[in-house]
Amino acid sequence: MFIDRDGTIIVEPPITEQVNNLQEMTFLPGVIRNLYFIAKNLDFELVMVTNQDGLGTDKYPQENFDEVQSKMLEILRTEGVEFNDIYIDKSFASENKPTRKPGTAMLTKFFSEEYDLASSYVIGDRMTDVQLAYNLGCKALLISEDEQEIPNGKVCRNWDEISETLFAGERIATVQRTTKETDIFVKINLDGTGKCDISTGLGFFDHMLEQIGRHSGSDLTVKVKGDLNVDEHHTIEDTAIALGEALLKALGDKRGIERYGFCLPMDDCLCQVALDFGGRAWLVFDAEFKREKIGDMPTEMFLHFFKSLSDAARMNLNIKAEGQNEHHKIEGIFKALAKSIKMAVRRDIYKYELPSTKGVL
């Protein structure tokens, strides 16, 4: 595991963009606790790789940098975190030396067969760290609050997300379901940010599916080509089946999850959704609709959607809604479902066990 220093382990000052003295040294939130967890529970060797522009200037002499480095390592060592190797490039960015990240000249020893670079990571806060991972043949974990995609890894908002990714893995699943009536692609990332790309051919159905992704915090892609020339039934039913299968697949062995989710009001409506990812499919649906359609979606298909979803995801789903506005009622149900999913899939790597007295889900 190749770890950057400034901006990744210790906070990078906004003006100088490097820590020049002890007064500027502050650890990123959660970094010590999570580095200890990684060092204790995983088999990575920890390697520090950092660029330090112009070490040893009149304003910031070499001794300052040495003091920062020594104190940082001392603090980490007392907390059970030790680095196997440390590499510091002291050239200026304008010099463009091969030893400077994202160059790999300092790291040639790791290209031997002794190291499994494909299973290794670079952790950093800049795109040069992502490029270093690519140059090494590693995966990258980029610390950033910005929503973005990187080709050889993922963005993590903090060190808690880094530890969870390394210890328990990503919870991403794709399902391709093709029949004579529909062709459906679903991709879900349970640990996403709520980004959605939905297209089913039914505008109101798209709107409802987007509620699931947005309010559960899951990245959700749903692409459907259905026989809408016949009617909406197959498109809605098969999408529910594919989405349920994706949820089940993304949950994996379910270790560490909360398992249960619980309701929300929406204007005149009260919508309650309780669910259990316990492996036993069951649906209780207590909601009535007076309109034949809402938008282009038949109201008779709501129950059918949730039944197909609960069966495919193997979850117990209990839904109740009351109110006057039909649009608000069904949208409230979908939002409450999303909030229940968000609660139920929350994962705790510090209590990484099956949430069941039976020992199996």
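Quick caveat, the model's predicted, so the values are computed rather than measured. (Residues numbered from 1 in each chain as written. Predicted model: local features only at pLDDT ≥ 70, side-chain atom pairs only at ≥ 80, totals over all residues. Heavy atoms only, no water.)

Asker: What exactly am I supposed to notice about the pattern of salt bridges here?
Answerer: Side chains carrying opposite charge are able to pair once their charged atoms draw close together. Overall, the coordinates contain 22 salt bridges when judged by the stated rule. One salt bridge connects arginine 259 with aspartate 276, and the closest N-O pair in it is separated by 2.6 Å. (Salt bridge = Lys/Arg side-chain N within 4 Å of Asp/Glu carboxyl O.)

Asker: Explanation requested: helix H5 (residues 203–216) in the structure shown.
Answerer: Note on helix geometry: an α-helix contains 3.6 residues per turn, so any two residues three or four positions apart are oriented the same way. For H5, built from 14 residues, the straight-helix expectation of 20 Å at 1.5 Å per residue is met to within 8% by its first-to-last C-alpha distance of 20 Å. Those residues of H5 not exposed but buried are Phe204, Phe205, Asp206, Met208, Leu209, Gln211, Ile212, Gly213 and Ser216. Following H5 by one or two positions, glycine 217 adopts a phi angle in the positive range, close to 80 degrees. (Helix = DSSP H or I, 4+ residues; strand = E, 2+ residues; numbered from the N terminus. Expected span 1.5 Å × (residues − 1). Buried < 20%, exposed > 50% of the residue type's maximum accessible area, 1.4 Å probe, protein only.)

Asker: When you look at the sheet that holds strand E8 (residues 182–189) in this model, what are you seeing that I'm missing?
Answerer: Whenever strands of a sheet pair, they do so through backbone hydrogen bonds, lying parallel or antiparallel. Ordered in space as E7-E8-E10-E9, the four strands form an open sheet in which the pairing is mixed. Of all strands in the sheet, those with a lone pairing partner are strand E7 (172–178) and strand E9 (196–199), marking the two edges. Direction aside, the axes of adjacent strands within the sheet are offset by 5 degrees on average. Pairing geometry for E7 and E8, over seven bridges, is antiparallel. Residue pairing for E8: alanine 173 is matched across the bridge by isoleucine 188. Across the sheet, helix H6 (residues 233–251) lies against E7, E8 and strand E10 (219–226), angled at about 35 degrees from E8, the strand it touches most. (Pairing = 2+ DSSP bridges. Axes fitted to C-alpha atoms, helices over the stretch in contact; angles between N-to-C directions. Contact = heavy atoms within 4.5 Å.)

Asker: What is the right way to read the environment of lysine 90 from this model?
Answerer: Looking at the element boundaries, lysine 90 is found in the loop between strand E3 (85–89) and strand E4 (121–124). Spatially, the C-alpha atom of lysine 90 lies 5.1 Å from that of glutamine 52, the residues being 38 residues apart in sequence.

Asker: Is there a simple way to think about the sheet that holds E4 in this case?
Answerer: Spatial ordering of the open sheet is given by E3-E2-E1-E4-E5-E6, a layout of six strands whose pairing is parallel. Each of the sheet's edge strands pairs with one partner strand only, and the pair in question is E3 and strand E6 (153–156). With two bridges connecting them, strand E1 (residues 2–3) and E4 associate as parallel partners. What sits directly across from isoleucine 3, in E4, is isoleucine 123.

Asker: Just checking my understanding: could you explain unusual backbone geometry for this structure?
Answerer: Negative phi is the rule for most residues except glycine; trans is the rule for most peptide bonds. Here the amide bond leading from lysine 101 into proline 102 is cis, since omega sits at 10 degrees, within 30 degrees of zero. The topology assignment puts proline 102 in the loop between E3 and E4. Unlike most non-glycine residues, arginine 259 shows phi in positive territory, near 80 degrees. Within the fold, arginine 259 resides in the loop between H6 and strand E11 (260–261).

Asker: Would you mind showing me how to read the packing of H6 against helix H7 (residues 300–313) here?
Answerer: Between two packed helices, both the angle of their axes relative to each other and the distance between the axes serve to describe the pair. Direction vectors running N to C along H6 and H7 enclose 30 degrees, while the axes themselves pass 7 Å from each other. The angle between H6 and H7 falls in the class roughly parallel. Handedness of the crossing formed by H6 with H7: right-handed. Contacts from His233, Ile236, Glu237, Ala240, Ile241, Leu243, Gly244, Glu245, Leu247 and Leu248 in H6 reach Met301, His304, Phe305, Ser308, Leu309, Ala312 and Ala313 in H7. Of the residues belonging to the contact of H6 with H7, the class tally is eleven nonpolar, four polar and two charged. (Parallel < 35°, antiparallel > 145°, perpendicular 65-115°, else oblique. Left-handed = near helix turned anticlockwise from the far one by under 90°. Nonpolar A, V, L, I, M, F, W, Y, C, P; charged D, E, K, R; others polar.)

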